[in-house]
Amino acid sequence: MSKRKKTPVGRRRFLKGAVASAAGLVANPQAGRAQQQHEDHDHDHQVVPSDPALRTKALESLLVQKGLVDAPALDLIVETYQTKIGPQNGARVVARAWFDAAYKKRLLTDAPKAIAELGYTMGEADDMIVVENSPKVHNLVVCTLCSCYPWPLLGLPPMWYKSDAYRSRAVIDPRGILREFGLTLPEDTEVRVWDSTAELRYIVLPERPAGTEKMTEQELAALVTRDSMVGVSKVSATKAGGQL
Amino acid sequence: MNGIHDMGGMQNMGPVVYEKNEPVFHAPWEGRLYAIRRAMGAWRRWTTDHARHEIELLRPADYFRMSYYERWLASTIELMIKKGQITRTEAETGKPDPGSAKATPPLKATDLSAVIVRPKVARPDALVKAKFKTGERVRARNMQPLGHTRLPRYARGKAGVIHMDHGIYVFPDTIVAGLGEKPQHVYSVRFEARELWGPEASARHAVYLDLWDDYLEQI
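Residues numbered from 1 in each chain as written. Chains lettered and ligands numbered in written order. Predicted model: local features only at pLDDT ≥ 70, side-chain atom pairs only at ≥ 80, totals over all residues.

1. Structural notes on the overall build of chain A
No. 1: The helix and strand tally for chain A stands at twelve helices and four strands.
No. 2: Taken over 244 residues, chain A has a buried fraction of 48%.
No. 3: Counting contacts in chain A only where the partners sit at least 6 residues apart, residues at least 24 apart contribute 63% of the total. (Helix = DSSP H or I, 4+ residues; strand = E, 2+ residues; numbered from the N terminus. Buried ≥ 20, exposed ≤ 12 C-beta atoms within 10 Å, placed from the backbone. Contact = placed C-beta atoms within 7 Å.)

2. A short note on the overall build of chain B
No. 1: Check the secondary structure of chain B and you find eight helices and five strands.
No. 2: In sequence order, chain B lays out its α and β elements as α-α-α-α-α-α-β-β-α-β-α-β-β.
No. 3: Each principal axis of the C-alpha distribution contributes one length, and for chain B these read about 60 × 45 × 35 Å.
No. 4: Evaluated residue by residue, chain B yields a buried proportion of 44% over its 219 residues.
No. 5: Long-range pairs, those at least 24 residues apart, make up 65% of the contacts in chain B between residues at least 6 apart in sequence.

3. Points about the packing of helix α2 (residues 48-56) of chain B against helix α4 (residues 68-82) of chain B
All names here are of chain B.
No. 1: Here α2 crosses α4 at 115 degrees, and the two axes come no closer than 9 Å. Helix-helix and strand crossings are classified by hand; for α2 and α4 the assignment is right-handed. Of α4, the residues touching α2 (which contributes His50, Ala51, Glu54 and Ile55) are Arg71, Ser75, Glu78 and Leu79.
No. 2: Partitioned by chemical class, the residues of the contact of α2 with α4 number three nonpolar, two polar and three charged. (Axes fitted to C-alpha atoms, helices over the stretch in contact; angles between N-to-C directions. Left-handed = near helix turned anticlockwise from the far one by under 90°. Nonpolar A, V, L, I, M, F, W, Y, C, P; charged D, E, K, R; others polar.)

4. Remarks on unusual backbone geometry
All names here are of chain B.
No. 1: Its identity as a non-glycine residue notwithstanding, asparagine 12 has a phi of 70 degrees, on the positive side.
No. 2: For asparagine 12, the position within the fold is in the segment before α1 (28-41).
No. 3: According to the C-beta neighbour criterion, asparagine 12 is exposed, with 8 such atoms within 10 Å.
No. 4: Phi angles above zero are rare outside glycine, and asparagine 21 is one such case at about 50 degrees.
No. 5: Inspection of the secondary structure assignment puts asparagine 21 in the segment before α1.
No. 6: Residue asparagine 21 is classed as exposed on the basis of its C-beta count, with 10 C-beta atoms lying within 10 Å.

5. Looking at the confidence of the model for chain B
No. 1: Mean pLDDT over chain B stands at 93; residues scoring 70 or higher make up 95%.
No. 2: Two numbers describe this predicted complex: its pTM, 0.88, and its ipTM, 0.96. (pLDDT = per-residue confidence, 0-100.)

6. Description of helix α4 (residues 87-99) of chain A
An α-helical turn contains 3.6 residues, so a residue and the one three or four places further along point in the same direction.
All names here are of chain A.
No. 1: With 13 residues, α4 extends 18 Å from end C-alpha to end C-alpha; this agrees with the ideal 18 Å at 1.5 Å per step.
No. 2: Taking burial as the measure, the 13 residues of α4 include eleven buried ones, the bulk of the element.
No. 3: Within α4, the full set of buried residues consists of Pro87, Asn89, Gly90, Ala91, Arg92, Val93, Val94, Ala95, Arg96, Ala97 and Trp98.
No. 4: Those residues of α4 hidden inside the fold are in contact with α5 (101-109), α6 (111-117), α7 (151-154), β4 (200-205), α11 (217-223) and α12 (226-230). (Expected span 1.5 Å × (residues − 1).)

7. Digging into the pairing of β4 of chain A
If a strand is regular, its side chains alternate between the two faces of the sheet.
Residues and elements named next belong to chain A.
No. 1: Within β4, six of the six residues are buried, which leaves it mostly tucked inside the rest of the structure.
No. 2: On β4, burial covers both faces: Leu200, Tyr202 and Val204 on one face and Arg201, Ile203 and Leu205 on the other are all buried.
No. 3: Two strands pair when backbone bridges link them, and strand β1 (residues 127-132) and β4 are joined in this way by six bridges, in the parallel orientation. Its bridge partner being in β4, methionine 128 is matched across the sheet by arginine 201. (Pairing = 2+ DSSP bridges.)

8. Observations concerning the pairing of strand β4 (residues 205-212) of chain B
No. 1: Within β4 of chain B, eight of the eight residues are buried, leaving the element largely enclosed by the surrounding structure.
No. 2: Side chains His205, Val207, Leu209 and Leu211 of chain B project from β4 of chain B onto one buried face, and the interleaved Ala206, Tyr208, Asp210 and Trp212 of chain B project onto a second face that is buried too.
No. 3: Across five bridges, the pairing between strand β3 (residues 190-195) of chain A and β4 of chain B is parallel. Note on β4 of chain B: the bridge partner recorded for tryptophan 194 of chain A is tyrosine 208 of chain B.
No. 4: Of the pairings in the sheet, the one linking strand β3 (residues 184-192) of chain B to β4 of chain B comprises seven bridges and is antiparallel in character. Each residue of the ladder has a partner; that of valine 189 of chain B, found in β4 of chain B, is leucine 209 of chain B.

9. A word on the sheet that holds strand β1 (residues 137-140) of chain B
Sheet strands pair by backbone hydrogen bonding; their relative direction is either parallel or antiparallel.
No. 1: What the seven strands build is an open sheet, ordered β2(A)-β3(A)-β4(B)-β3(B)-β2(B)-β1(B)-β5(B); its pairing is mixed. Bordering the open sheet on either side are β2 (137-142) of chain A together with β5 (216-218) of chain B, each of which pairs with just one other strand. Across the sheet, the axes of successive neighbouring strands diverge by a mean angle of 35 degrees, strand direction being ignored.
No. 2: Note: β1 of chain B against β5 of chain B, three bridges, orientation antiparallel. Its bridge partner lying in β5 of chain B, valine 138 of chain B is registered against glutamine 218 of chain B.

10. Things to note about the packing of α4 of chain A against α5 of chain A
All names here are of chain A.
No. 1: Relative to each other, α4 and α5 sit at 125 degrees, their axes nearing to 5 Å. Classified by the angle their axes make, α4 and α5 are oblique. In contact with Val93, Arg96 and Ala97 of α4, α5 contributes Tyr103, Lys104 and Leu107.
No. 2: Taken together, the residues that form the contact of α4 with α5 break down as four nonpolar, no polar and two charged. (Parallel < 35°, antiparallel > 145°, perpendicular 65-115°, else oblique.)

11. Quick notes on the domain arrangement of chain B
All names here are of chain B.
No. 1: Looking at chain B, the domain boundaries give domain 1 (28-114) and domain 2 (137-218).
No. 2: The interface is formed by six residues belonging to domain 1 together with four residues belonging to domain 2.
No. 3: Taken together, the residues of the side of domain 1 that touches domain 2 sort by class into no nonpolar, three polar and three charged. (Domains from an automatic or database assignment.)

12. Comments concerning the environment of tyrosine 69 of chain B
Residue and element names in this part refer to chain B.
No. 1: Looking at the secondary structure, you find tyrosine 69 in helix α4.
No. 2: For tyrosine 69, a count of 26 C-beta atoms within 10 Å corresponds to the buried category.
No. 3: Taking the C-alpha atoms as reference, tyrosine 69 lies 7.6 Å from leucine 33; in sequence the two are 36 residues apart.
No. 4: Beyond its immediate stretch of four places on either side in the chain, tyrosine 69 contacts Glu30 and Leu33.

Structure below.
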């Protein structure tokens, strides 16, 4: 660092001097908010300024040179989360539970085992718990402390789930949150909020919509949305959920 | 630590912003960083608990202005330095220190299962007696630890009911403090919203938290 001109330390105190000058690795304080606040548009432009991108690139290069990470393994991790692990996995589990009452019973009593029946290996540390919605009980999942999420079945969490707004309000005003998502529950429905404070991971088994009695398991799976498995929406018999 | 990360029950954080057709990563660097974190975790020099705490150590103003993955970037670098995986000089220069040894990564592209499956770290092979039984009323301790904890402020001092015994897990508070795994039972504890938020709250609203034995006391 001494060889280069001094960097304004105060503004970058959060890095505590780490990752600084060599590659111009300086954080842009505005970058994050821009990313969190945009909404409802396509991503054909660069959302995050190149700054953290450069810093990450320099970090990867350092770690590869030190033999600490294998670049192709990083490629594989990225690809796996982009294509193989996502809400489509959870949707299959939900559809099976709707379709097969015995499976549903197993799922509600020992979720990791029932989920493994469909070929999804969870990682033993990820103890999944499935909570069932009914006309009397509506379940909502949150992580107020960080971003715990049932990723083996739903993939990585969306921005709104990780947002300060959702994390702060889900436990104190769940009905308000649900109204923002377009879901107004009857007064006598009990709302149960699951704050993922330990290593247990929660997923909601939504109510099977009326009018789907003749559907196949595959057709049912196509209706199940990510949001319904977090508990911020219900499943509709007409709107396809698929990847959402 | 009573940090800004512990935000359950806070108000005025604005509306929940929803993005339609949200991509898994918003920019390629986010994916690379996510992968770096997973791959560096495979060295087992630190656990998820350490990684969480490093984010908690960000100053509140920085926490708020950073995006999710910017928090990860800053905290991961700091964690790798603390755990001796890289030096501060290396983080600053972006180049290995002269004469530093070259390692062999534990995670290879051939180990797809290692990429997807998280290692069994949270559930130890220990036999510890449960302090509480399902259905028992308990109170979350009123405590203000300076280090890492998974007992949110909004539940401290509040009474609830043991809903379920999840079994034995390692204890994040002592792991991050360097005081060992201290295995103990974790329970799902049900708190009525009126206990947490007062008489104005709905009678048809409850919050369930997963809490370790050491967070709870008998009533």
